[in-house]
Structure formats: C-alpha cells, structure tokens
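Understanding the architecture of this molecule
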Amino acid sequence: MTFDLTDELLDDIIFSMEDQGGSWYVDSAGGQIASEEMMREIIVEEGEERKEDFYPLPLWTSDDGYGLMGEFTNDLHAPDARKDLRQAISGGRGVFRNFKNVLKMYPEVERKWHLFKDEKMKEKVRAWYNDLRESWKLERLEENEFNEFDTGDIVQNDFVFSEYDSSRDGNDVERGFNQMAEEYARELAVQYDDDLGNALSSLFKRDARVSENCKKSGFVCRTLSDDFAGCLLTDFCMSPTKKTAEILYFFVNRDSRGLGIGKSLLNKSMTFLKEQGVSRVVIATTSVSETMKPLLDENGFEKIGPGYVADLSSF
C-alpha cells in the first residue's frame, strides 16, 4: 500500500530515525510511525497480509551524524565558531556532547545547525520515499517540489535591520571596523608577512578615513538583544551629482557570519539607493576581502580599475 509523505509524517520519521535504540516503520495503512513491537501486535491482531503495509525507515547511524557535523563545520563561514567546532569533533570521546556544548556558545550558529541538520535528514527521507515510489511504479518527485534549505528565516527572525543613526550606531561601527582591520592584517600576515599585512591594513583604514567627514547612510544589523552584528554604510563625497554611491563600511562580525546578514545588508542598501535615484555603486578593492567577492559577483558588481562597480539599473 502506498502513502503520502506529509509534512507531519516527515517530521515523525526524522524524529524516529534518531532513536537508534530501536527499529521503526511507517504503517502505510494508518499513515503513522510504528515500533517493531507495535508492528508485530498489529500483524497478530489483523492478519499476516498487514505485513505489506509496513516500511522500515531509512537507516541513520552515529557515523551519519558525525559526518553531518563535519560537513556543517567545514562549510561554516563564522571563523571563531568553525575553529571551536573543529576542535570539538577532533576528539575521540564525547564529540557529540562537545559539539552541542560549543554550539550553545554561538546561538545563531546553533540555530543554523538545527536547520541544516533537519534539511539534510529530510533529503535522506525524500530519497528513500522516491525509491519507494519507484517500487510502487510511480514517478519520482522532483526536488523543486520540496522546500529548499534557506537560512533567510534566521536573519529575519533573529536579527533587526535599521537605518544607520550616527548617535546610536557610530561607536559600534567604529569598534567593529577596527576589529575587522585587525583581522584583515592577521590574514594578510599569514598569506604574506607581518610588515605587508600591517601596511595593507593601514591602507584599508586610510581609504575609509578619507571620507570620514561625509554624511554616511546605510543599514545596521543587530541581534534581538541589541548586540551589533554588522553594517553597510555609503556616502556621495566623491560624486557631485550624487548618482554614484561609494560603499565605505561593509562588514559582519565574526560570530555572525555565514547566516546571510551580508546578503541582506547589500540587498537592503541597493534597493534603498536605487529608490534615491542612485545609478551606480562602487567599492574600493582594498575594502573587498576574498570572502566578500562571491557576494559582490552574485549581485552584479564588476571589477573595474581600482574598484568594483554595480549598475543599479539592472538591479
């Protein structure tokens, strides 16, 4: 007998898969989960023909869980959290407990982990269900029929975006910018040497300071507890017609990276600037880190001369 993979049943399957102490089945006749003991009782009461109604759930082992932790950690763009999580899963004993303990130190990353894990397990269940559909002589369901994993709701639910207010946000932006410059110097020192790293970091700071007396505008991101998480600020000092805006500050704090904050800041800023009649947006190459380049590419920025330029007419 066939059954529909409803959202409720999907959640029940995932919950049962993680119970590695027993064997679980989908009772297609009732559209619900049954333990091996329950299945046997039903077969005794209702007859042997009921055996065909039970399908064992896809196997989920501790090795699967460990592999998932490694995949999540390797793809994480929050440097501090990634470092601590790698250390947690490198030990021989207690890796699952250590992993959970580290996640508690990074609430936003912990939330992303649960969404990531849930979606990966859903992918496994969907593949299993499609195999069953083939055995029933039915077409496989396309991936686009399922909801794709998206961290957008993390940003929407756990962070607040507001227009920049110098009196409220100035000190936080300044502090965050200096921290980013120091991080930039450390990364360049590893890639080259301390002297060149410091020189390039100073150049990065100097370029931003050139327009420090201009009237900045843009957006700031904060957590629900009002902790500063990142910003994107622009000005028109280099453009008399105010048709070209320059991005001066664009960064996300280390602990909040990899959650889509940078993308949200950029989208909000580009939309706002276009509504103000801005035609182009530029950002100096000295302000663009390696991790930022893919985001700029995705949003139509092109490398032109000493900077990156985006034409807002096609945005």
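Note that the coordinates shown come from a computational prediction; the quantities given were computed from them, not determined experimentally.

As a further point, take helix α5 (residues 95-103). In an α-helix, one turn spans 3.6 residues; hence positions three or four apart end up facing the same way. For α5, the full list of buried residues reads V95, F99, V102 and L103. Projection of α5 onto a plane perpendicular to its axis shows the buried side chains occupying an angular sector of 100 degrees, all on one side. Exposed residues pointing more than 90 degrees away from the buried face of α5 are listed as R97 and K100. Its buried side turned inward, α5 meets α3 (62-75), α4 (79-89) and α6 (107-135).

Moving on, we come to the sheet that holds strand β10 (residues 307-311). Across a sheet, strands are paired by hydrogen bonds formed along the backbone, either parallel or antiparallel in direction. Pairing is mixed in the open sheet, where seven strands are placed in the order β4-β5-β6-β7-β8-β10-β9. Every other strand in the sheet has two partners, leaving β4 (159-163) and β9 (301-304) as the edge strands with one partner each. Adjacent strand axes in the sheet meet at a mean angle of 25 degrees when their direction is disregarded. As defined by bridge partners, strand β6 (residues 228-235) adjoins strand β7 (residues 244-252) across six bridges and the pair is classed as antiparallel. Bridge pairing in β7 places C231 opposite F251. Sheet strands touched by helix α8 (residues 166-191): β4, β5 (217-223), β6 and β7. Its angle to β7, the strand with the most contacts, is close to 70 degrees. In the packing of helix α10 (residues 261-275) onto the sheet, the strands contacted are β4, β5, β6, β7, β8 (280-284) and β9, and the crossing angle to β7 comes to about 160 degrees.

Moving on, we get to the pattern of salt bridges. The tally for this structure, following the rule as stated, stands at 18 salt bridges. As a salt-bridge pair, R126 and E119 come within 2.7 Å of each other at their nearest N and O atoms. E119 carries the same exposure label as R126, and that label is buried. Overlapping salt bridges, with partners in common, bring together R168, D169, D172, R175, R222 and D226 in one network.

About the criteria used
- Residues numbered from 1 in each chain as written.
- Predicted model: local features only at pLDDT ≥ 70, side-chain atom pairs only at ≥ 80, totals over all residues.
- Heavy atoms only, no water.
- Buried < 20%, exposed > 50% of the residue type's maximum accessible area, 1.4 Å probe, protein only.
- Helix = DSSP H or I, 4+ residues; strand = E, 2+ residues; numbered from the N terminus.
- Arc of directions from axis to C-beta.
- Contact = heavy atoms within 4.5 Å.
- Pairing = 2+ DSSP bridges.
- Axes fitted to C-alpha atoms, helices over the stretch in contact; angles between N-to-C directions.
- Salt bridge = Lys/Arg side-chain N within 4 Å of Asp/Glu carboxyl O.

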